[in-house]
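Observations on chain architecture
Here's the letter readout for the chains.
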Amino acid sequence: MYTHELKCSGKTISVETGKWAKQADGAIVYRCGKLTLLATVCAEKEAREGQSFFPLSVDYREKFYSSGRIPGGYFKRENRPGEHETLISRLIDRPCRPLFPQGYFSEVQLLITLLSYDPKEPVEGHAITAASAAILLSDIPWEGPIAGVLVGRVDGKFISDPNPEEREKSDIELLISGSKDGVTMIEGESKESTNEEMLEAIAFGHKALQPKIELQEKVASQMNIVKRKLSLRLPDPSLKEELHSFAFEKMKEANLTSDKSEREEKIKKVYEESIQHFEEKLKDQGKWDAIESELKSELHNIEYLIVRAQIFEKGIRADGRKLDEIRDISVEMDVIPGAHGSSVFTRGQTQSLATVTLGSKMDNQRYETLEGEKHRSFLLHYNFPPFSTGEVKRMLATGRREIGHGNLALRSLKNVLPPEKDFPYVIRIVSEILESNGSSSMASVCSGSLAMMAAGVPVKAAVSGIAMGLILDDTGKPAILSDIAGLEDHFGDMDFKLAGTSKGITAFQLDLKVKGVSLDILKEALQAAEKGRLHILEKMNETFSKPRADIPDTAPRIDHLQVDTGRIGELIGPGGRIIREIMERTGAEINVEDSGVVTIASSSSKSNQEAKKIIENIFREPVSGESYEGVIKRIVDFGAFVEISPGKEGLLHISKMSDSRLESVTDLYKEGDKVPVVINNIDHSGKMDLLHRDLQHLARPSDGFSGRRGGNTGGRDGGGRDGGGGGRDSRNGGGFRSSRSNGGGAGRPQYRPRDRDGGRGGDRDNRGGGGRDFHSKKDSGGRRHSSSARRRP
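The rules behind the values
Residues numbered from 1 in each chain as written. Predicted model: local features only at pLDDT ≥ 70, side-chain atom pairs only at ≥ 80, totals over all residues. Heavy atoms only, no water. Helix = DSSP H or I, 4+ residues; strand = E, 2+ residues; numbered from the N terminus. Contact = heavy atoms within 4.5 Å. Buried < 20%, exposed > 50% of the residue type's maximum accessible area, 1.4 Å probe, protein only. Pairing = 2+ DSSP bridges. Phe/Tyr/Trp six-rings, centres within 6.5 Å; stacked < 30°, edge-to-face > 60°. Lys NZ or Arg CZ within 6 Å of the ring centre and 35° of its normal. Axes fitted to C-alpha atoms, helices over the stretch in contact; angles between N-to-C directions. Salt bridge = Lys/Arg side-chain N within 4 Å of Asp/Glu carboxyl O. Parallel < 35°, antiparallel > 145°, perpendicular 65-115°, else oblique. Left-handed = near helix turned anticlockwise from the far one by under 90°. Nonpolar A, V, L, I, M, F, W, Y, C, P; charged D, E, K, R; others polar. Core = buried A, V, L, I, M, F, W, Y, C linked by side-chain atoms within 4.5 Å. Patch = residues over 30% accessible without salt bridge, like charges linked within 9 Å, V, L, I, M, F, W, Y side chains within 5 Å. Areas by Shrake-Rupley, 256 points an atom, 1.4 Å probe, with all protein chains shown as cover. Lys, Arg positive; Asp, Glu negative; His and termini not counted. Charge placed at Lys NZ, Arg CZ, Asp CG, Glu CD. Expected span 1.5 Å × (residues − 1). Polar contact = N/O pair within 3.5 Å; in protein donor to acceptor, adjacent residues only side chain to side chain. Disulfide = S-S within 2.5 Å. pLDDT = per-residue confidence, 0-100.

1. Observations regarding the overall build of the protein chain
Tallying secondary structure elements over the protein chain gives 15 helices and 31 strands in all. Sequence-distant contacts, at least 24 apart, represent 66% of the contacts inside the protein chain between residues at least 6 apart.

Take a look at the structure:
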């Protein structure tokens with residue numbers, strides 16, 4: 001076993017090999033704190049017959065046991081990779097791929113597995129370093145090592161591999177990969193940083209990753225690594241020379257066509273003519289398939305040489321533009337009536353249709369990580385259908401490229417969003433690529449920014465994006481290209497994307513096909529990118545320069561309430577019953593956070609206000625004389641129980657429903673009906689006596705407590721705690737409520753018709769029935785009393 005460790009930014013990092021996974025071509029265990037990664041690499045000894053590209057697959061996977069958790073879901077095991085695992089896989093792939101030798105076509109598989117999770121350590125930079133160490137310490141040919149580091153800045157101070165708290169406070173976040181001599185990959189975002197601040201961050205990161213490169217070299221120096229013999233597929237010199245003579249000028253002429261479709265058609269014709277010419281000559285020699293593959297590869301190389309030579313010799317690109325020239329730009333707004341916001345951004349032959357949908361908290365994306373369940377309120381989905389490049393392909397699941405491009409556009413826009421407390425909406429942007437010829441991700445940034453402003457999202461500023469290219473000649477002299485087309489991306493040495501506002505940079509991505517690039521070249525590229533980005537922003541602002549003052553009528557309306565966290569259960573109710581009833585009754589969506597913030601959302605302000613009033617009533621202590629819009633929950637012979645707010649009911653006696661006599665409650669109401677009521681009285685136990693709002697002039701705050709239902713002889717138990725009163729039904733005996741006295745007087749009657757059974761209820765001067773004095777344990781008139789006053793004819 002070989003191992004080495006070192007101190008880096010106050011942390012101990014170690015690499016060991018030769019103990020685990022020994023049958024892999026390369027396998028290392030990488031540790032930093034509790035973080036433990038297993039990186040393995042295997043490669044086929046020979047390339048497949050006819051293989052014309054380098055088949056490298058990189059997969060990063062996380063295990064839930066690494067954080068002491070069991071996966072959710074039915075199967076309870078790790079399933080397909082999450083979006084963040086796919087993004088980290090891409091981050092590892094991009095700096096590693098260019099360092100394999102030209103012409104090396106053997107299949108390579110690189111796997112990085114998170115075995116132990118450390119919440120204080122960002123995994124991205126460590127995963128790149130672990131992958132590099134696995135390849136370096138194998139016998140697979142590779143021109144590493146490289147390393148990765150995450151750079152943050154808090155209070156003006158740069159930090160390497162910041163912890164979660166530092167990342168949250170950071171105004172710059174860049175993942176930087178590099179070798180000893182230069183930067184090989186950059187991915188990140190910032191809060192409108194300047195070019196100078198970005199260059200400082202890159203310089204800091206390149207310096208900070210050097211100890212990780214030294215660590216790998218220390219382990220390699222302990223081992224006697226013999227790299228396997230290269231099985232490179234290189235063209236036959238004589239065949240190469242003959243092909244150049246036949247096809248070079250034809251390819252050069254085809255590449256001078258500015259229109260992409262027409263140029264591709266002419267280039268395709270050159271390929272066909274060349275293959276046909278050599279097939280007639282060489283097919284009888286055997287292994288024609290291998291020769292055909294070699295011819296196509298070399299034709300591609302001829303095209304590569306022509307495109308690059310034209311740039312250096314004439315300063316003109318394949319489509320006739322100068323090096324810093326931006327293609328024609330057009331903007332269309334509000335093109336999709338059903339969406340809350342929409343735009344089409346077209347730059348040359350790249351076109352993005354962006355739509356914005358606004359939703360409530362219920363629409364946020366919930367996902368599971370090693371830390372537990374999280375949610376996301378800003379979504380950007382990028383779709384790249386085959387028709388965008390005029391191709392016929394199967395429509396499969398969302399691929400890595402779509403996830404990566406969508407994530408870059410999301411990072412470009414998220415730093416201009418308003419605070420959630422000021423704009424509490426879930427925002428979903430969808431970018432449909434309608435045409436593609438270079439930098440559709442940056443077109444998505446432009447169309448997404450415009451669509452959000454059309455939807456009334458109060459963004460801080462508009463955001464534009466641009467893709468830059470770099471071509472190096474044989475001497476290392478750079479040619480920097482603004483707004484690269486697909487051809488220049490394919491044949492260039494650098495793909496550099498930058499997005500930002502008029503104030504500064506919001507997102508940055510750099511990929512290289514060479515071993516590295518210096519800071520001087522990056523500085524020149526940043527300056528050219530800023531010029532092009534501001535030009536694009538100016539064109540966008542000519543059409544639509546600021547957000548609309550309000551969201552569209554079709555978007556949900558959102559209101560907030562703050563409730564006592566200790567009383568959240570009163571709003572939720574048993575099994576969620578109360579909150580469900582409010583949503584069903586009002587049509588509003590309600591979300592309650594642990595902090596006590598209640599979000600109410602619906603398509604109607606009226607629904608919001610109704611739900612808000614109901615919730616306020618839940619937490620408001622009822623007071624005599626207050627008015628409510630109640631709902632009849634249950635009807636009984638003597639009245640109805642009315643819910644004035646969820647979980648709070650009172651009795652509306654039949655005698656207090658109307659100013660005319662009712663034989664039955666059902667003559668006027670049924671269960672579920674709404675009824676305006678006023679609280680007439682509240683007893684010591686909280687029971688409420690209600691009165692129809694139209695009869696509130698008859699309310700008597702001094703009325704006593706009611707007993708159980710009265711009959712011909714008054715209430716069974718009397719009324720109040722201290723004395724008897726009439727029963728609840730004033731028509732059949734007692735009055736409204738007894739006063740709180742031993743004798744308990746009947747309340748004032750609602751009306752005074754003749755009562756066939758028990759006469760009218762006792763009036764204020766006549767006692768209804770005696771009640772028992774619960775304090776003295778003596779009867780004052782007995783439990784039952786038949787002395788209800790009778791009206792004389």
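2. Structural notes on the pairing of strand 4 (residues 35-43)
Most of strand 4 sits inside the fold, with eight of its nine residues counted as buried. One ladder, built from eight bridges, connects strand 4 with strand 6 (residues 108-116); its direction is antiparallel. Of the residues in strand 6, the one forming a bridge with Leu38 is Thr113.

3. Remarks on the packing of aromatic side chains
For any two aromatic rings, the description comes down to two numbers: the centre-to-centre distance and the angle of the planes. Summed over all chains, the structure comprises eleven aromatic pairs. Members of the aromatic cluster, connected to one another through ring pairs, are Phe54, Phe100, Tyr104 and Trp142. We note Arg376 situated over the ring of Tyr367; from NZ or CZ to the ring centre the distance is 4.3 Å. Here the basic side chain of Arg401 rests over the ring of Phe384, its NZ or CZ set 4.1 Å away from the ring centre.

4. Remarks on the sheet that holds strand 13 (residues 350-359)
Spatially, 11-12-13-17-16 is the arrangement adopted by the five strands of the open sheet, whose pairing is mixed. Where the open sheet ends on each side, the last strands, each with one partner, are strand 11 (329-333) and strand 16 (378-383). Averaged over neighbouring strand pairs, the angle between their axes works out to 15° when direction is ignored. Direction of pairing for strand 16 relative to strand 17 (residues 426-435): parallel, over a ladder of six bridges.

5. Structural notes on the pattern of salt bridges
Two side chains of opposite charge can pair, provided their charged atoms sit close to one another. Here the structure, examined in full by the defined rule, presents 50 salt bridges. Linking Glu173 and Arg167 is a salt bridge whose minimum nitrogen-to-oxygen distance equals 3.0 Å. In this structure, Arg567 and Glu570 form a salt bridge, with 2.8 Å as the shortest nitrogen-oxygen distance. Residue classification places Arg567 among the partly exposed positions, given a relative accessible area of 22%. Taking the relative accessible area as the measure of exposure, Glu570 reaches 33% and is therefore partly exposed. Taken together, the shared-partner salt bridges in this structure form one network comprising Arg94, Glu124, Arg167, Glu173, Glu187, Glu189, Arg411, Lys414 and Asp511.

6. Considerations on the packing of helix 4 (residues 195-208) against helix 12 (residues 519-543)
The N-to-C vectors of helix 4 and helix 12 enclose an angle of 150°; their axes lie 10 Å apart at closest approach. One element, helix 4, and the other, helix 12, form an angle in the roughly antiparallel class. Between helix 4 and helix 12 lies a crossing whose hand is right-handed. On helix 12, the residues touching Asn195, Leu199, Ile202 and Ala203 of helix 4 are Leu519, Leu522, Lys523, Leu526, Gln527 and Glu530. For the contact of helix 4 with helix 12, a count of residues per class yields six nonpolar, two polar and two charged.

7. Some remarks on the nonpolar core
Of all hydrophobic cores here, the largest spans 76 residues; its most connected members are Ile427, Met452 and Phe496. Of the residues forming this core, the biggest block, nine residues, is contributed by helix 10 (residues 440-454). Dropping the residues within four chain positions of it, Ile427 is found in contact with Val356, Thr357, Leu358, Ser377, Phe378, Leu379, Leu417, Met452 and Val457. Judged by nonpolar contacts, the second largest core, of 51 residues, contains Val15, Tyr30, Leu37 and Leu110.

8. Points about a negative patch on the surface
On the surface, a cluster of negative charge is made up of Asp259, Glu264, Glu265 and Glu272. With respect to the helices and strands, the residue Asp259 is situated in the loop between helix 6 (237-255) and helix 7 (260-282). Given a relative accessible area of 33%, Asp259 falls into the partly exposed group.

9. Digging into helix 1 (residues 83-96)
In an α-helix, one turn spans 3.6 residues; hence positions three or four apart end up facing the same way. With 14 residues, helix 1 should reach 20 Å at 1.5 Å per residue; the first-to-last C-alpha distance of 20 Å fits that figure. In terms of burial, helix 1 is largely enclosed, as twelve of its 14 residues are buried. Buried within helix 1 are the following residues: Glu85, Thr86, Leu87, Ile88, Ser89, Arg90, Leu91, Ile92, Asp93, Arg94, Pro95 and Cys96.

10. Quick notes on the sheet that holds strand 19 (residues 478-482)
As summarised here, the arrangement of the eight strands in space is 8-7-9-10-21-20-18-19, forming an open sheet in which the pairing is antiparallel. Whereas interior strands pair on both sides, the edge strands pair on one side only; in this sheet they are strand 8 (157-160) and strand 19. Across the sheet, the mean angle separating the axes of adjacent strands is 15° when strand polarity is ignored. Note that strand 7 (residues 147-154) and strand 8 share four bridges and pair antiparallel. In the sheet register, Val154 faces strand 8, and the bridge partner there is Lys157. Here helix 4 sits on the sheet in contact with strand 7, strand 8, strand 9 (172-178), strand 10 (183-193) and strand 21 (505-512), set at roughly 45° to strand 9. The sheet contacts of helix 5 (residues 210-222) involve strand 7 and strand 9, and relative to strand 7 the element is tilted by about 160°.

11. Considering the environment of Asn364
By the element assignment, Asn364 lies in the loop between strand 13 and strand 14 (365-369). Sequence separation of Asn364 and Ile427 is 63 residues, and the distance between their C-alpha atoms is 8.5 Å. Those residues in contact with Asn364, other than ones at most four positions away along the chain, are His375, Arg376, Ser377 and Val426. A polar contact is formed between the side chain of Asn364 and the backbone oxygen of Lys361, at a distance of 3.2 Å.

12. Some words on the side chain of Ser179
Along the chain, the position of Ser179 falls in the loop between strand 9 and strand 10. With residues near it in sequence (within four places) discarded, Ser179 still touches Pro145, Ile146, Thr184, His206, Leu209, Gln210, Ile213 and Lys515.

13. What to know about the pairing of strand 3 (residues 26-32)
The side chains of a regular strand alternate, first on one face of the sheet and then on the other. Buried residues dominate strand 3, accounting for six of its seven residues. Summarising the sheet, strand 2 (residues 11-17) and strand 3 pair through five bridges and their orientation is antiparallel. Directly across from Ile13, in strand 3, lies its bridge partner Cys32. Alignment of strand 3 against strand 4, held across seven bridges, turns out to be antiparallel.

14. Section: the environment of Ser431
Structurally, the position occupied by Ser431 is in strand 17. Exposure remark for Ser431: the relative accessible area of 1% places this residue in the buried category. Distance from Ser431 to Ser352, taken between C-alpha atoms, is 6.1 Å for residues 79 residues apart in sequence. Excluding residues that lie within four positions of it along the chain, Ser431 makes contacts with Ser352, Leu353, Ala354, His381, Tyr382, Asn383, Ser444 and Ser447. Within the local environment of Ser431, its side chain forms a polar contact with the side chain of Ser352, the two groups lying 2.8 Å apart.

15. Overview of unusual backbone geometry
At the junction of Gly144 and Pro145, the peptide bond is cis and its omega measures out at 10° in the coordinates. Tracing the sequence through the fold places Pro145 in the loop between helix 2 (123-136) and strand 7. In this structure, Lys76 is a non-glycine residue whose phi angle is positive, near 60°. With relative accessibility at 48%, the residue Lys76 sits in the partly exposed group.

16. Concerning the state of the cysteines
Evaluated as defined, the whole model comprises zero disulfides. You can see Cys8 has no disulfide; the closest cysteine sulfur is in Cys32, sitting 7.8 Å from it. Classification of Cys8 by relative accessible area gives buried; the value is 8%.

17. Things to note about the side chain of Arg94
Summarising the element assignment, Arg94 is placed in helix 1. Reaching out from Arg94, the side chain makes a polar contact with the side chain of Asp511 at a distance of 2.5 Å.

18. Describing the confidence of the model for the protein chain
This prediction gives the protein chain a mean pLDDT of 85; 87% of its residues lie at or above 70. Here residues 702-793 scores under 50 on pLDDT; set against residues more than four positions off or in separate chains, the count is 220 contacts.

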